[in-house]
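Breakdown of the fold
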Amino acid sequence: MDSIKITAEHETQTLQALRQDPALQGLMERLPQPVRDSFTEEQLSALKLALAARSWGRHAIDWRGTLRLWRYRYYIVFLVGRNRRTLSRGELQIGLWLQAIFIFIFLSLCTLIGLLALYIAKSAIGIDLFPGFSLGIWGWINS
């Protein structure tokens, strides 16, 4: 009879310790009280193990900080990593648009740098395509 009492006491203490675990508290606070009270020690242990083994918590860049403005503090999170989620149709379309914009800007910058290099090479050789007209870049480089 005493061993049953000790086992029940130990189970109650373990259950209380699991309920106080910071990894589980956030989850438990979002659940309705009847559901929260219905978890057994085994279920809470399994939840804790599942939360601890999450693979979505690793990022190539994981920068977190806080910003204090007047009397409030705001948190800032910047995460970069491989996307392992399944995207909705809207998210896919936004991603494609952003990719197209990025490629357009990249190609535009490459074209401008290429044209600048050609202009400098033309000016260094002494070729004058439009007599009496100059952008002034070659004069700026020589000075």
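Above this text is the structure in question.
Model, not experiment: these values are computed from the prediction.

Moving on: the environment of Ile-120. With respect to the element layout, Ile-120 can be found in helix H5 (residues 89-125). Looking at Ile-120, the relative accessible area reads 26%, which means it is partly exposed. Taking the C-alpha atoms as reference points, Ile-120 and Ile-141, separated by 21 residues in sequence, lie 8.9 Å from one another. Dropping the residues within four chain positions of it, Ile-120 is found in contact with Ile-137, Trp-138 and Ile-141.

Right, let's get into the packing of aromatic side chains. Throughout the structure, instances matching the rule amount to one aromatic pair. Judged by centre distance (6.5 Å) and plane angle (15 degrees), the rings of Phe-102 and Phe-106 are stacked. Here Phe-102 and its partner Phe-106 are both found in helix H5, four residues apart, which amounts to about one turn of the helix. The exposure class of Phe-106 is partly exposed, given its relative accessible area of 48%.

Right, let's talk about the pattern of salt bridges for a bit. In the structure shown here, the tally under the stated rule is one salt bridge. For Arg-64, the salt bridge is made with Asp-62, and the minimal N-O distance between the two is 2.7 Å. Classification of Arg-64 by relative accessible area gives exposed; the value is 53%. Using a relative accessible area of 39% as the deciding quantity, one classes Asp-62 as partly exposed.

The next thing to look at is H5. Here H5 contains 37 residues, and its C-alpha end-to-end distance of 54 Å stays within 8% of the 54 Å for a straight helix at 1.5 Å per residue. The secondary structure elements touched by the buried residues of H5 are helix H6 (137-142). In the segment just after H5, Gly-126 is the residue with positive phi, at about 100 degrees.

Attention shifts here to a nonpolar patch on the surface. A surface patch of nonpolar side chains, amounting to about 1,000 Å² of accessible area, comprises Ile-61, Trp-63, Leu-67, Leu-69, Trp-70, Tyr-72, Tyr-74, Ile-76, Phe-78 and Val-80. Counting residues per element, the ones that place at least two in the nonpolar patch are strand E1 (61-69) and strand E2 (72-80). It is E2 that provides the largest number of residues to the nonpolar patch, a total of five residues. You can see Trp-63 is positioned in strand E1.

Rules used in this analysis
- Residues numbered from 1 in each chain as written.
- Predicted model: local features only at pLDDT ≥ 70, side-chain atom pairs only at ≥ 80, totals over all residues.
- Heavy atoms only, no water.
- Helix = DSSP H or I, 4+ residues; strand = E, 2+ residues; numbered from the N terminus.
- Buried < 20%, exposed > 50% of the residue type's maximum accessible area, 1.4 Å probe, protein only.
- Contact = heavy atoms within 4.5 Å.
- Phe/Tyr/Trp six-rings, centres within 6.5 Å; stacked < 30°, edge-to-face > 60°.
- Salt bridge = Lys/Arg side-chain N within 4 Å of Asp/Glu carboxyl O.
- Expected span 1.5 Å × (residues − 1).
- Patch = residues over 30% accessible without salt bridge, like charges linked within 9 Å, V, L, I, M, F, W, Y side chains within 5 Å.
- Areas by Shrake-Rupley, 256 points an atom, 1.4 Å probe, with all protein chains shown as cover.

Function cannot be read off these values alone, since they describe shape.
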